[in-house]
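These are the residues of each chain, in order.
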Amino acid sequence: MGGPNRFDELQQRVADIARPVFRRPLDSPYQISNELFAALRHVLHDVGGQPDVPIEYLEKDEEAWEMNTYVTCECLGWRGVWNSEERRRAENDLGATLYFGLPYYARWVTVAAKTLVEKGLITPDELSAKVDEVRARLEARR
């Protein structure tokens, strides 16, 4: 595709398309290069093949909250609240800051809460009350 600089250039061009104020309109009938098409198709979580620094792989045992999150999200699917594709899409929709800034299962629990509120299955007040209840329970253990 032309190396990291070319990819960055194409990503910037995609970003320019998304910004209405600074956007450079594409010529009708929207004939674009294969490289630009690949950049347009690029989704936030798909970082395969992009340059990055090497990191050390560390085996990690899941913590209790992570397993509870996994089971809760699976139960939401079993009960018909969402499916795995909806969950993945909701994660992508978090945006780069939250997507890359939150640990793996924190993204899951964040999108679970957001989805439950968006679908009207819980209210923001109910969610807030439950968060307060859990915080108080955890503080009492300390």
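Scroll up for the structure.
No experiment lies behind these values; they were computed from the predicted model shown.

Definitions and limits used
- Residues numbered from 1 in each chain as written.
- Predicted model: local features only at pLDDT ≥ 70, side-chain atom pairs only at ≥ 80, totals over all residues.
- Heavy atoms only, no water.
- Axes fitted to C-alpha atoms, helices over the stretch in contact; angles between N-to-C directions.
- Helix = DSSP H or I, 4+ residues; strand = E, 2+ residues; numbered from the N terminus.
- Parallel < 35°, antiparallel > 145°, perpendicular 65-115°, else oblique.
- Contact = heavy atoms within 4.5 Å.
- Nonpolar A, V, L, I, M, F, W, Y, C, P; charged D, E, K, R; others polar.
- Disulfide = S-S within 2.5 Å.
- Buried < 20%, exposed > 50% of the residue type's maximum accessible area, 1.4 Å probe, protein only.
- Polar contact = N/O pair within 3.5 Å; in protein donor to acceptor, adjacent residues only side chain to side chain.
- Salt bridge = Lys/Arg side-chain N within 4 Å of Asp/Glu carboxyl O.

S.K.: Sorry if this is basic, but what is going on with the packing of helix α4 (residues 84-92) against helix α6 (residues 104-118) here?
M.R.: Helices that pack against each other are described as a pair by the angle of their axes relative to one another and the distance between those axes. The interhelical angle for the contact between α4 and α6, taken along N-to-C directions, is 100°, at an axis separation of 9 Å. Judged by the inter-axis angle, α4 sits roughly perpendicular to α6. Residues R87, A90 and E91 of α4 form the contact with α6, whose participating residues are R107, W108, V111 and T115. A per-class count over the contact of α4 with α6 returns three nonpolar, one polar and three charged.

S.K.: Just to check I follow, could you spell out the state of the cysteines for this structure?
M.R.: Working definition: the covalent bond between the sulfur atoms of two cysteines is a disulfide. Per the counting criterion, the structure on display carries zero disulfides. Of all cysteine sulfurs in the structure, the one in C75 sits closest to C73, which takes part in no disulfide; the separation is 9.3 Å. Judged by relative accessible area, C75 falls into the partly exposed class, the value being 38%.

S.K.: Teacher, can you tell me more about the environment of V111 here?
M.R.: With respect to the helices and strands, the residue V111 is situated in helix α6. Using a relative accessible area of 0% as the deciding quantity, one classes V111 as buried. Placed 21 residues apart in sequence, V111 and A90 show a C-alpha to C-alpha distance of 6.0 Å. Among residues more than four places away in sequence, those in contact with V111 are W82, R87, A90, E91 and L94.

S.K.: Where do I start with the side chain of E66 in this structure?
M.R.: Inspection of the secondary structure assignment puts E66 in helix α3 (residues 64-78). Given a relative accessible area of 8%, E66 falls into the buried group. Among the polar contacts listed, one links the side chain of E66 to the side chain of K60, at a separation of 2.7 Å. What E66 contacts, discounting residues up to four positions off in sequence, is K60, D61 and Y105.

S.K.: Sorry if this is basic, but what is going on with the pattern of salt bridges here?
M.R.: When the charged atoms of two side chains with opposite charge come close together, those side chains can pair. Enumeration over the complete set of coordinates arrives at ten salt bridges. In this structure, R87 and E91 form a salt bridge, with 2.2 Å as the shortest nitrogen-oxygen distance. Residue R87 and its partner E91 are both found in helix α4; the two are separated by four residues, about one turn of the helix. Of the residues examined, R87 reaches a relative accessible area of 9% and is grouped as buried. Among the residues examined, E91 registers a relative accessible area of 4% and is labelled buried. Between R137 and E133 there is a salt bridge whose closest N-O contact spans 3.6 Å. Of the two residues, R137 and E133 are both situated in helix α7 (residues 124-141); the distance of four residues between them amounts to about one turn of the helix. Owing to a relative accessible area of 40%, E133 belongs among the partly exposed residues under this scheme. When salt bridges with common partners are traced through the structure, they connect R87, E91 and R107 into a single cluster.

None of this, on its own, says anything about what the molecule does.
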